[in-house]
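What follows is the residue order along each chain.
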Amino acid sequence: GVDRARLQIAHADEAIGMHERPAQALRGKPGSSMRIALELVRDGKAQACVSAGNTGALMALARQVLKTLPGVDRPAMVTAIPTRANPCLLLDLGANVDCTAEQLYQFAVMGSVAAQVLGVERPKVALLNVGTEDIKGNQQDRQAAALLQQADLDYRGFIEGDGLYRGEVD
């Protein structure tokens, strides 16, 4: 059932291994299949890029080749997790090891926008944390919470993993 007339194969001379550091991929593999796929998206010859390879390299290459939107420092991976209510969008997924409060704020805004695109009129937003109390979490989490309290989002505070599955936030 696939329309093969819509498919094209783009040659790539290099591949990025799972063991390679993102910086190596950026500098040392200009002919990699990941870079070529992202360049095809950038140039409008492809609508999306999917990879089962080195995630860190893909994120670094995407940031360099595709850039980010104004006001977004880092890209964030997103997945929809099942809940008792509607699916909940979870952003970053640990792709960024050390995030600033501003970056966590940006992830929250991106998640809210993504939920709106999926039909949630006013998404409920929370920060996943080790507890729901305001004093819990590291300094970046608490600073991000302060930023989100001032934002034009339906920010619900900190949430623990079980709250995600109960469908308390979007």
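Going along each chain's sequence as written, the residues are numbered from 1 onward. Since the coordinates come from a predicted model, pLDDT governs what is reported: local features require at least 70, and pairs of side-chain atoms require 80 or more to be given and counted, while whole-chain, interface and lining totals use all residues. Side-chain measures here rest on the full set of heavy atoms in the structure, leaving out hydrogens and waters.

Participant: Whenever I open this one, the packing of helix α4 (residues 101–117) against helix α5 (residues 139–149) confuses me. Can you help?
Facilitator: How two helices pack is summed up by the angle between their axes together with the distance between the axes. Here, axes are lines fitted to C-alpha atoms. For helices the fit covers the stretch in contact, and angles between N-to-C directions go from 0 to 180 degrees. Comment: elements are numbered from the N terminus, with helices defined as DSSP H or I runs of at least four residues and strands as E runs of at least two. Here α4 crosses α5 at 50°, and the two axes come no closer than 8 Å. Taken together, the axes of α4 and α5 lie oblique to each other. Note on packing geometry: the crossing formed by α4 with α5 is right-handed. On α5, the residues that touch Ala 101, Glu 102, Leu 104, Tyr 105 and Ala 108 of α4 are Gln 140, Asp 141, Gln 143, Ala 144, Leu 147 and Leu 148. Classification convention: Asp, Glu, Lys, Arg as charged; Ala, Val, Leu, Ile, Met, Phe, Trp, Tyr, Cys, Pro as nonpolar; all other residues, Gly among them, as polar. Partitioned by chemical class, the residues of the contact of α4 with α5 number seven nonpolar, two polar and two charged. Note on terminology: angles under 35 degrees are roughly parallel, angles over 145 are roughly antiparallel, angles of 65 to 115 are roughly perpendicular, and the others are oblique. Two helices that cross are described as forming a left-handed crossing if the nearer one is turned anticlockwise from the farther one by less than a right angle, and a right-handed crossing if clockwise. Contact between two residues is taken to exist if any of their heavy atoms lie within 4.5 Å; hydrogens are not considered.

Participant: Explanation requested: the packing of helix α2 (residues 33–42) against helix α3 (residues 55–65) in the structure shown.
Facilitator: Here α2 crosses α3 at 35°, and the two axes come no closer than 10 Å. The hand of the α2/α3 crossing is right-handed. Residues Met 34, Arg 35, Leu 38, Glu 39 and Arg 42 of α2 touch α3, and the partners they reach there are Ala 57, Leu 58, Leu 61, Ala 62, Gln 64 and Val 65.

Participant: Explain α4 here, please?
Facilitator: The periodicity of an α-helix, 3.6 residues per turn, causes residues three or four places apart in sequence to face the same way. Here the expected span of a helix is defined as 1.5 Å times the quantity of residues minus one. The end-to-end C-alpha distance of α4, which contains 17 residues, comes to 25 Å, matching closely the 24 Å that a straight helix rising 1.5 Å per residue would cover. Partly exposed residues are those whose accessible area sits between 20% and 50% of the maximum for their type, while under 20% is buried and over 50% is exposed, using a 1.4 Å probe and protein chains only. Three or more residues of α4 are buried, namely Ala 101, Gln 103, Leu 104, Gln 106, Phe 107, Ala 108, Gly 111, Ser 112 and Ala 115. Looking at the buried side of α4, the elements it contacts are β2 (88–91), β3 (124–128) and α5. Looking at the residues trailing α4, positive phi occurs at Gly 119, about 105°.

Participant: What exactly am I supposed to notice about the nonpolar core here?
Facilitator: Residues belong to one nonpolar core when they are buried, are Ala, Val, Leu, Ile, Met, Phe, Trp, Tyr or Cys, and are joined through side-chain atoms within 4.5 Å. Ranked by internal contacts, the top residues of the largest apolar core, which has 14 residues, are Leu 104, Leu 127, Ala 144, Ala 145, Leu 148, Tyr 155 and Phe 158. Look past the residues within four positions of Ala 145 in its chain and what remains in contact with it is Leu 127, Tyr 155 and Phe 158. Ranked by size, the runner-up nonpolar core spans nine residues in total, among them Ile 16, Ala 57, Leu 61 and Val 65.

Participant: What's the story with the pattern of salt bridges in this structure? I'm lost.
Facilitator: Think of it this way: side chains of opposite charge can pair up when their charged atoms draw near. Salt bridge, as used here, is a side-chain nitrogen of Lys or Arg placed within 4 Å of a carboxyl oxygen of Asp or Glu. Under the definition given, this model contains eight salt bridges. When the shortest N-O distance is used, the salt bridge between Arg 166 and Asp 162 registers 3.1 Å. When its relative accessible area of 39% is taken as the criterion, Arg 166 is described as partly exposed. A relative accessible area of 42% places Asp 162 in the partly exposed class. Arg 166 is paired through a salt bridge with Glu 168; the nearest N and O atoms lie 2.8 Å apart. Taken together, the salt bridges that share partners define one network made up of Asp 162, Arg 166 and Glu 168.

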